[in-house]
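Chains, contacts and geometry: an overview
Spelled out from the first residue to the last, the chains are:
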Amino acid sequence: QVQLVESGGGLVQPGGSLRLSCAASRSFFSIDHMGWYRQAPGKERELVATITRGSTTNYADSVKGRFTISRDNAKNTMYLQMNSLKPEDTAVYYCRALQLGRGEYWGQGTQVTVSS
């Protein structure tokens, strides 16, 4: 199993920046995909960004060019750098780990609120 803990959420003004962190209990070598998802009030959870063992990244169209996903293998930590934040980015952000053939794991979520 993989335990995931997110941190770094908070309140930020439109145009501001935040960096989210996700600490994993397992080495990234044992995880096929890791990613960030978000869920806004009244909406379904949606993909934000993913990263593979080979550091291939994928972004939702709504965040591409503004958000950057990265990882620190030594710390077993994944990051989401969020720039030029918009009110529509307001959501609970979740860290996800996928082990093909074994299972998927979710963190508890961290709230991001973009408001004046």
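The paragraphs below set out a description of the structure included in this document. Quick caveat: nothing in here was measured; it's all calculated off a predicted structure. (Residues numbered from 1 in each chain as written. Predicted model: local features only at pLDDT ≥ 70, side-chain atom pairs only at ≥ 80, totals over all residues. Heavy atoms only, no water.)

1. A few points about the state of the cysteines
Tallied over the full model, the rule gives one disulfide. Sulfur-sulfur distance for the disulfide between Cys 22 and Cys 95 comes to 1.9 Å. Taking the sign of the S-S torsion, -75 degrees for the link of Cys 22 and Cys 95, the bridge is left-handed. With Cys 22 in strand 3 (residues 18–24) and Cys 95 in strand 9 (residues 91–99), the pair connects residues that are 73 residues apart, well separated along the chain. There is no split in this pair, since Cys 22 and Cys 95 are both buried. (Disulfide = S-S within 2.5 Å. Helix = DSSP H or I, 4+ residues; strand = E, 2+ residues; numbered from the N terminus. Buried < 20%, exposed > 50% of the residue type's maximum accessible area, 1.4 Å probe, protein only.)

2. As for unusual backbone geometry
A negative phi holds for most residues other than glycine; trans holds for most peptide bonds. Backbone geometry at Ser 55 places phi at a positive 70 degrees, although glycine is not the residue there. Mapping Ser 55 onto the fold places it in the loop between strand 5 (46–52) and strand 6 (57–59). Judged by its relative accessible area of 41%, Ser 55 falls in the partly exposed class. A positive phi angle is found at Ser 84, which is not glycine, with a value near 50 degrees. Within the secondary structure, Ser 84 is located in the loop between strand 8 (77–82) and strand 9.

3. Details of the environment of Cys 95
Owing to a relative accessible area of 0%, Cys 95 belongs among the buried residues under this scheme. In this structure, Cys 95 is in contact with Leu 4, Glu 6, Cys 22, Met 34, Gly 35, Trp 36, Met 78, Tyr 105, Trp 106 and Gly 107, ignoring residues within four places of it in sequence. (Contact = heavy atoms within 4.5 Å.)

4. Things to note about the side chain of Thr 52
Its location among the elements puts Thr 52 in strand 5. Its relative accessible area of 18% is what places Thr 52 among the buried residues. Residues within four places of Thr 52 in sequence aside, it is in contact with Asp 32, His 33 and Arg 71.

5. Quick look at the environment of Gly 42
Examined against the element boundaries, Gly 42 turns out to sit in the loop between strand 4 (33–39) and strand 5. In sequence terms Gly 42 and Thr 56 are 14 residues apart; their C-alpha atoms lie 31 Å from each other.

6. A short note on the pattern of salt bridges
Counted according to the given criterion, the structure contains five salt bridges. The closest approach of N and O atoms between Asp 32 and Arg 53, which form a salt bridge, is 2.3 Å. With a gap of 21 residues between them, Asp 32 in the loop between strand 3 and strand 4 and Arg 53 in the loop between strand 5 and strand 6 connect regions that are remote in the sequence. Residue Asp 32 is classed as buried on the basis of its relative accessible area, which comes to 19%. A salt bridge links Glu 104 to Arg 96; its shortest N-O distance comes to 2.8 Å. For Glu 104, a relative accessible area of 42% gives the class partly exposed. You can call Arg 96 buried: its relative accessible area is 15%. The network of salt bridges with shared partners includes Arg 38, Glu 46, Arg 66 and Asp 89. (Salt bridge = Lys/Arg side-chain N within 4 Å of Asp/Glu carboxyl O.)

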